[in-house]
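# Reading the structure
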Amino acid sequence: MNMHDQIEEAEVSILHTYNRFPVVFERGEGVYLYDTEGKRYLDFAAGIAVNALGYHYPGYDEALKAQIDKMLHTSNLYYNIPIVDAGNKLVLASRMNKVFFTNSGTEAVEGAIKAAKKYAYMKTGRAGHEIIAMKNSFHGRSIGALSVTGTDHYREPFEPLMGGVRFAEFNNLESVEALVNENTCAIICETIQGEGGIHPATRDFLRGLRRLCNEKDILLILDEIQCGMGRTGYYFAWQAYGVQPDIMTTAKALGCGVPVGAFVLNKKAASASLVPGDHGTTYGGNPFVCAAVNKVFEIYERDMILPHVQELTPYLEERLDELVDKHSSVAERRGSGFMQGLVITGKPVSQVINKALEKGLLVISAGTDVLRLVPPLVISRAQVDEMIHILDQCL
Ligand SMILES: *Cc1c(COP(=O)(O)O)cnc(C)c1O
């Protein structure tokens, strides 16, 4: 079967919820993927910011295989060693207090919302609390997460969603302040908006949110699902702002390819919110995925992944800025670390992305006109050059 036939067959049984690129991938090696016809692609999409260590990073596969040989799953009714290690490591990396592991990003957001509501319920002795979220945000596809996602076309067919959500302008503190009332229990925002088009929060905005939350005893939830786990050169993007959330969500690169996410609480949120009976998950944080999380943290520390991102970022930005200067179709570069966006004008961003695919480079879009680069964190300088060379031709 050639790739064309494989694609036709896929469309027979797989619900068409994605307009997929016309490529069937078979295997990866380092930061390259190979399709079923043997063509090689430089991967600057990384499974949407998931494959931070690329493919077959030394030690990663072995750790997963070893866990398979012990046990995959036991349920959260019992303790096991991998979840203890993974919890400790995530607490250490975030300097927060308690972790709840989930299977996905959207579930991490669901848990964060529940924890915030429960915190307010315990404090006031009543329900009926509200959440302030941001326009242009993305937090996931399940109903709770969708309810705090400020992008109309994702939401509209599924209304009514969860009530009690108000939307403010991202990076506009006054617009948030204007929505706060006595029922507000949480403010949720991405530290760097990803799907919305790579918009980093400003320092003043995040610090302002923190101050506002402190004044009114509102919980600050930062969604680090895409921008976290080293992507900006810090374990979590907020660590560069001098601002700490009360609850943080993480997923994507947390397991570098296994389905795992988490919401992480500080002491204040952890000590007065969810208790036995309030929340649960069958699979969440099972021994298999936690073995992956452990290995990811171990590799990050052993192989100095964060310093590598910090060191290579100026070069990546410099080379991307060259494209901005050279091509009138690139209006602007935005982003932080290895989470970068180029704003494409005068032609559809999809045209550039499809061209790149043809030429063996994987990049994706964000928002309506942004070309998004979220490569594995282990890319080299030479691979930045290779990406720039191809992108230059496509532009
Ligand atoms: C991807 C993403 C989610 C949703 O994660 P899933 O694992 O797809 O459910 C939520 N928030 C942000 C910021 C994301 O980038």
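Residues numbered from 1 in each chain as written. Predicted model: local features only at pLDDT ≥ 70, side-chain atom pairs only at ≥ 80, totals over all residues. Heavy atoms only, no water.

Ser-104, Gly-105, Thr-106, Phe-138, His-139, Gly-140, Glu-190, Asp-223, Ile-225, Gln-226 and Lys-252 make up every residue found near the ligand. Between a nitrogen atom of the ligand and a main-chain N or O atom of Phe-138, the distance comes to 3.3 Å. Within the side chain of Lys-252, one N or O atom sits 2.7 Å away from an oxygen atom of the ligand. In the complex, 81% of the free accessible area of the ligand, which totals 390 Å², lies under the protein chains. (Near = heavy atom within 4 Å. Polar contact = N/O pair within 3.5 Å; in protein donor to acceptor, adjacent residues only side chain to side chain. Areas by Shrake-Rupley, 256 points an atom, 1.4 Å probe, with all protein chains shown as cover.)

Taking 1.5 Å of rise per residue, the 14 residues of helix 4 (residues 81–94) would be expected to cover 20 Å, and the 20 Å separating its terminal C-alpha atoms lies within 8% of that figure. Contacts made by the buried residues of helix 4 are with helix 3 (60–70), strand 4 (98–102), strand 11 (247–250), strand 12 (261–265) and helix 11 (287–302). Just beyond helix 4, the residue with positive phi is Arg-95, at close to 55°. (Helix = DSSP H or I, 4+ residues; strand = E, 2+ residues; numbered from the N terminus. Expected span 1.5 Å × (residues − 1). Contact = heavy atoms within 4.5 Å.)

This part takes up the domain arrangement of the protein chain. In terms of domains, the protein chain is made up of domain 1 (3–57 + 304–394) and domain 2 (71–302). A separation of 26 Å is found between the C-alpha centroids of domain 1 and domain 2. Listed by partner, the interface residues are 27 residues for domain 1 and 27 residues for domain 2. Of the roughly 2,300 Å² buried between domain 1 and domain 2, counting both surfaces, carbon and sulfur atoms make up 64%. Where domain 1 packs against domain 2, one counts one salt bridge. (Domains from an automatic or database assignment. Buried area = accessible area lost by both parts, 1.4 Å probe. Salt bridge = Lys/Arg side-chain N within 4 Å of Asp/Glu carboxyl O.)

Turning our attention to the pairing of strand 10 (residues 219–223). The side chains of a regular strand alternate between both faces of the sheet. By the criterion of burial, strand 10 is predominantly enclosed, with five of the five residues buried. Covered by surrounding structure in strand 10 are Leu-219, Ile-221 and Asp-223 together with Leu-220 and Leu-222, the residues of both alternating faces. Of the strand pairs in this sheet, strand 7 (residues 184–190) and strand 10 are connected by five bridges, and their pairing is parallel. Pairing of Glu-190 across the sheet is with Asp-223, part of strand 10. (Buried < 20%, exposed > 50% of the residue type's maximum accessible area, 1.4 Å probe, protein only. Pairing = 2+ DSSP bridges.)

Bringing the packing of helix 12 (residues 305–326) against helix 14 (residues 381–394) into the picture now. Between helix 12 and helix 14, the least distance of the axes is 10 Å, while the angle of their chain directions is 15°. The orientation of helix 12 relative to helix 14 falls into the category roughly parallel. For helix 12 against helix 14, the interelement crossing comes out right-handed. Contact residues: Leu-312, Tyr-315, Leu-316, Arg-319, Leu-320, Leu-323 and Lys-326 in helix 12; Arg-381, Val-384, Asp-385, Met-387, Ile-388, Leu-391 and Asp-392 in helix 14. A class-by-class count of the residues in the contact of helix 12 with helix 14 yields nine nonpolar, no polar and five charged. (Axes fitted to C-alpha atoms, helices over the stretch in contact; angles between N-to-C directions. Parallel < 35°, antiparallel > 145°, perpendicular 65-115°, else oblique. Left-handed = near helix turned anticlockwise from the far one by under 90°. Nonpolar A, V, L, I, M, F, W, Y, C, P; charged D, E, K, R; others polar.)

Here the structure, examined in full by the defined rule, presents 17 salt bridges. Across the salt bridge formed by Lys-118 and Asp-278, the nearest N and O atoms sit 2.6 Å from each other. Of this pair, Lys-118 sits in helix 5 (residues 105–124) while Asp-278 sits in the loop between helix 10 (267–271) and helix 11, and the two are 160 residues apart along the sequence. Residue Lys-118 is classed as buried on the basis of its relative accessible area, which comes to 17%. In this structure, the salt-bridge partner of Arg-302 is Asp-303, at a minimum N-O distance of 3.0 Å. The exposure class assigned to Arg-302 is partly exposed, which follows from its relative accessible area of 49%. When salt bridges with common partners are traced through the structure, they connect Lys-123, Asp-217 and Lys-268 into a single cluster.

What follows deals with the sheet that holds strand 17 (residues 370–373). Either a parallel or an antiparallel arrangement is found when strands of a sheet pair, and the pairing is made through backbone hydrogen bonds. Ordered by their spatial adjacency, four strands build an open sheet running 13-14-17-16, and the pairing between neighbours is antiparallel. Each edge of the open sheet is held by one strand with a lone partner, namely strand 13 (330–336) and strand 16 (364–366). Geometrically, the sheet is characterised by an average inter-axis angle of 30° between neighbouring strands, direction not taken into account. Two elements, strand 14 (residues 339–344) and strand 17, share four bridges in a ladder whose sense is antiparallel. The partner of Leu-342 across the bridge, within strand 17, is Leu-371.

Attention shifts here to the environment of Gly-335. With respect to the helices and strands, Gly-335 occurs in strand 13. Separated by 179 residues in sequence, Gly-335 and Glu-156 place their C-alpha atoms 29 Å apart. Beyond its immediate sequence surroundings of up to four residues, Gly-335 is in contact with Ile-198, Pro-200, Glu-317 and Gln-340.

Turning next to the side chain of Ser-329. Residue position: Ser-329 is located in the loop between helix 12 and strand 13. Among the residues examined, Ser-329 registers a relative accessible area of 9% and is labelled buried. Excluding its chain neighbours within four sequence positions, the residues that come into contact with Ser-329 are Val-343, Ile-344, Thr-345, Lys-347 and Leu-395.

What follows is about the environment of Ala-10. Mapped onto the secondary structure, Ala-10 falls in helix 1 (residues 3–13). Here Ala-10 falls in the partly exposed class, since its relative accessible area comes to 34%. Each C-alpha atom, one on Ala-10 and one on Phe-138, is 28 Å from the other, the two residues being 128 residues apart in sequence.

Here helix 13 (residues 349–358) crosses helix 14 at 125°, and the two axes come no closer than 9 Å. Judged by the inter-axis angle, helix 13 sits oblique to helix 14. As for how helix 13 packs across helix 14, the hand of that crossing is right-handed. Contacts between helix 13 and helix 14 involve Val-352, Lys-355 and Ala-356 from the former and Ile-390, Leu-391 and Cys-394 from the latter. Grouping the amino acids of the contact of helix 13 with helix 14 by side-chain chemistry returns five nonpolar, no polar and one charged.

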